[in-house]
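Listed below are the residues making up each chain.
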Amino acid sequence: MTSTATGARPLAGRPPQQRIEGALFVDLDSQRARYECLRPDCPHRLEGPVYSTDRDPGDVEGRPIGVGGLKAFIDGIKTRHLAQHHGSTR
């Protein structure tokens, strides 16, 4: 095993350290979710909150997005946020 520049040795079998760059908060009881970007240079740190009772803007009758809409927010928020505000998907 080799030493690093600081003289410390990496622990065998341990992945390299990673920074936490965002947090997804999901409340299943209240059926809501929000994403908070933790990058210091982020121009738009908070996405949401989104509730299952929010009205679907694409629905002419204004029906709620429901659990499916909430799931869609959860499934894609990190990628959408990074693409829109950081020019990246990672």
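S.K.: Would you explain the overall build of the chain in this entry?
M.R.: A count of helical and extended segments in the chain gives one helix and three strands. Sequence separation of 24 or more characterises 29% of the internal contacts of the chain that already satisfy a separation of 6 or more. As displayed, the chain has an accessible area near 7,000 Å², and 52% of this comes from carbon and sulfur atoms.

S.K.: Hey, could you run me through the sheet that holds strand 1 (residues 22-27) in this one?
M.R.: The sheet built from three strands is open, its strands ordered 1-2-3 with antiparallel pairing. Either end of the sheet is taken by a strand with one partner, and the two such strands are strand 1 and strand 3 (46-51). With direction set aside, neighbouring strand axes in the sheet form an average angle of 5°. When strand 2 (residues 32-37) meets strand 3, the two strands line up antiparallel, connected through four bridges. By the bridge assignment for strand 3, glutamate 36 is matched with leucine 46. Relative to the sheet, helix 1 (residues 66-86) contacts strand 1, strand 2 and strand 3, its axis offset from that of strand 2 by approximately 20°.

S.K.: Explanation requested: unusual backbone geometry in the structure shown.
M.R.: In this structure, the amide linkage connecting glycine 48 to the following residue, proline 49, adopts the cis form with an omega of 5°. Relative to the elements of secondary structure, proline 49 occurs in strand 3. Notably, glutamine 31 is not glycine yet its phi reads approximately 50°, a positive angle. Its place among the elements puts glutamine 31 in the loop between strand 1 and strand 2.

S.K.: Explain the packing of aromatic side chains here, please?
M.R.: For any pair of aromatic rings, geometry is given as the distance between the ring centres together with the angle between the planes. One pass over the structure, following the stated rule, counts zero aromatic pairs. One Lys or Arg, arginine 34, reaches over the ring of phenylalanine 25 and ends 4.1 Å from the middle of that ring.

About the cut-offs
Residues numbered from 1 in each chain as written. Predicted model: local features only at pLDDT ≥ 70, side-chain atom pairs only at ≥ 80, totals over all residues. Heavy atoms only, no water. Helix = DSSP H or I, 4+ residues; strand = E, 2+ residues; numbered from the N terminus. Contact = heavy atoms within 4.5 Å. Areas by Shrake-Rupley, 256 points an atom, 1.4 Å probe, with all protein chains shown as cover. Pairing = 2+ DSSP bridges. Axes fitted to C-alpha atoms, helices over the stretch in contact; angles between N-to-C directions. Phe/Tyr/Trp six-rings, centres within 6.5 Å; stacked < 30°, edge-to-face > 60°. Lys NZ or Arg CZ within 6 Å of the ring centre and 35° of its normal.

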